[in-house]
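The primary structure of each chain is shown beneath.
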Amino acid sequence: MRHPERLPHPSSPPEPFEIIAIKYAHLGNRHPGENFILADPHEFASDLDYFVWVLRRSDRTYLIDTGFAQEAANRRGRNLLRNPADALPLIGLDSTTITDVILTHLHYDHAGNLDRFPNARFHLQDRDMSYATGRCMCHQTLRAPFDLTDILMMVRHVFAGKAIFHDGDAELAPGLTLHRVGGHSAGLQIARVWTKRGWVVVASDASHLYANFQQRRPFPVACGIAEMLEGYNTLYQLADSPDHIVPGHDPLVMKYYPAVSPELDGIAVRLDQT
Ligand SMILES: [Zn+2]
Ligand SMILES: [Zn+2]
């Protein structure tokens, strides 16, 4: 497979980020058609893990996505292992002291718990806010992955001056850029993060599983299949290698990367290490 030309490393590299993925929920017993459009009903159907991601270095800390809480887990039949806001102390953080939250998109499993971060600004793409509050939400199929309470809370944050909107690509800090890819949710954004092992891409739902981008097989929750497929190209373009792309829901992530500590085995892994 030919990949688009990759970007060069910075000439004077910034301090690398550490990236921690915290697993907070799990979903099993899936059908292949829930993971791939036009799936063979006899093929393997991966479970889904649910994550939030922390980026940190000496000068700043970012939280990518905020997960969901028990009420949404009960209503949707998900197994919530730990509320992400309550899990942050496991890695020495506290939800009340987080200052910057990057929301990859507003689906319920990425933008719940928005009331748990009183001192945060929320980074979001223009297009996801308009998607989640506009005419597309008249369609039950497109509305299903959103929870109204999350959207209302995000509107509150907008009115409180706590939203930072981005339109397309944005540099939040040297070594951290956001890129809108759309496809899955209209304003879905991914993060490109400078680490000791080079540029890592936190793909979030630009690719739920490794197989989605590796085999170019779209995930069925979509608002634009063409953009989703183009998004797979963008992942390859922004990451230093295919091994630098981290899908948003693949249980293999917990197998491929080392635990933050022996106590956090099965809970939190370091994506900046291999
Ligand atoms: Zn999603
Ligand atoms: Zn998701």
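The structure contained in this document is the topic of the report that follows. In this text, all values refer to a predicted model and were calculated from it rather than measured experimentally.

One can find Asn-35 in the loop between β1 (18–27) and β2 (48–57). Judged by its relative accessible area of 0%, Asn-35 falls in the buried class. A polar side-chain atom of Asn-35 sits 3.0 Å from the main-chain carbonyl oxygen of Ser-46. Those residues in contact with Asn-35, other than ones at most four positions away along the chain, are Arg-30, Ala-45, Ser-46, Leu-48, Leu-209, Asn-212, Pro-218, Phe-219 and Pro-220.

Next up on the list: the pairing of β1. The buried count for β1 comes to eight of ten residues, which makes it a mostly enclosed element. Pairing between β1 and β2: nine bridges, direction antiparallel. From the neighbouring strand, Leu-27 faces β2, where its bridge partner is Leu-48. Two elements, β1 and strand β13 (residues 268–270), share three bridges in a ladder whose sense is antiparallel. Across the sheet, residue Ile-20 finds its bridge partner in β13, namely Arg-270. Where β1 lies against strand β4 (residues 79–80), two bridges are found, and the strand directions are antiparallel. Bridge pairing in β4 places His-26 opposite Asn-79.

In terms of nonpolar packing, the biggest core is built from 46 residues, with Ile-22, Phe-68, Leu-103, Leu-106, Phe-117 and Met-154 touching the most fellow members. Breaking this core down by element, the ones donating at least two residues are β1, β2, α1 (70–76), α2 (84–87), β6 (121–125), α3 (126–133) and α5 (148–159). Per-element tally for this core: the top contributor is β1, with five residues. With 39 residues, the next largest nonpolar core counts Phe-213, Tyr-232, Leu-238 and Tyr-257 among its residues.

Moving on, we get to helix α7 (residues 225–238). Between the first and last C-alpha of α7 there are 20 Å, a value that for 14 residues agrees with the 20 Å anticipated at 1.5 Å per step. If you check which residues of α7 are buried, you get Met-228, Gly-231, Tyr-232, Leu-235, Tyr-236 and Leu-238. Looking at the buried positions of α7, the neighbouring elements they touch are β9 (176–180), β10 (189–195), β11 (198–204), α6 (210–214) and β12 (245–247).

Perfect tetrahedral coordination of a metal by four donors corresponds to 109.5 degrees between them, and perfect octahedral coordination by six donors corresponds to 90 or 180 degrees. Protein ligation of the zinc ion (ligand 2) involves Asp-109 (OD), His-110 (NE2), Asp-205 (OD) and His-249 (NE2), the donor distances falling in the range 2.1 to 2.3 Å. Classification of the site at the zinc ion (ligand 2) rests on its four donor atoms, whose angles at the metal span 86 to 151 degrees, yielding the label irregular. Spacing between the donor residues of the zinc ion (ligand 2) along the chain follows D-H-x94-D-x43-H. In this model, the zinc ion (ligand 2) sits 3.5 Å from the zinc ion (ligand 1), the two metals being bridged by Asp-205. Of the two residues, Asp-109 is situated in the loop between β5 (100–102) and β6 and His-249 in the loop between β12 and α8 (252–256); the sequence distance between them amounts to 140 residues. Judged by its relative accessible area of 6%, Asp-109 falls in the buried class. For His-249, a relative accessible area of 2% gives the class buried.

Each protein donor to the zinc ion (ligand 1) is listed here as His-105 (NE2), His-107 (ND1), His-184 (NE2) and Asp-205 (OD); together their distances run 2.1 to 2.2 Å. Taken together, the four donor atoms coordinating the zinc ion (ligand 1) and their angles of 89 to 175 degrees define a geometry best described as irregular. Expressed as a motif, the donor residue spacing for the zinc ion (ligand 1) is H-x1-H-x76-H-x20-D. When its relative accessible area of 0% is taken as the criterion, His-105 is described as buried.

Here the focus is the packing of aromatic side chains. Applying the stated criterion across every chain yields a total of eleven aromatic pairs. Geometrically, the ring pair formed by Tyr-131 and Phe-146 is edge-to-face, given 5.7 Å between the ring centres and 65 degrees between the ring planes. Taken together, the positions of Tyr-131 in helix α3 and Phe-146 in the loop between α4 (140–143) and α5 put the pair 15 residues apart, joining distant regions of the chain. A relative accessible area of 8% places Phe-146 in the buried class. Put simply, the rings of Tyr-24, Tyr-50, Phe-68 and Tyr-108 touch in pairs and so form one group of aromatic residues.

Scoring rules and cut-offs
- Residues numbered from 1 in each chain as written.
- Chains lettered and ligands numbered in written order.
- Predicted model: local features only at pLDDT ≥ 70, side-chain atom pairs only at ≥ 80, totals over all residues.
- Heavy atoms only, no water.
- Helix = DSSP H or I, 4+ residues; strand = E, 2+ residues; numbered from the N terminus.
- Buried < 20%, exposed > 50% of the residue type's maximum accessible area, 1.4 Å probe, protein only.
- Polar contact = N/O pair within 3.5 Å; in protein donor to acceptor, adjacent residues only side chain to side chain.
- Contact = heavy atoms within 4.5 Å.
- Pairing = 2+ DSSP bridges.
- Core = buried A, V, L, I, M, F, W, Y, C linked by side-chain atoms within 4.5 Å.
- Expected span 1.5 Å × (residues − 1).
- Donors = N, O, S within 2.8 Å, 3.2 Å for Na, K, Ca; no water.
- Tetrahedral: all angles 85-135°; square planar, octahedral: opposite > 155°, others 65-115°.
- Phe/Tyr/Trp six-rings, centres within 6.5 Å; stacked < 30°, edge-to-face > 60°.

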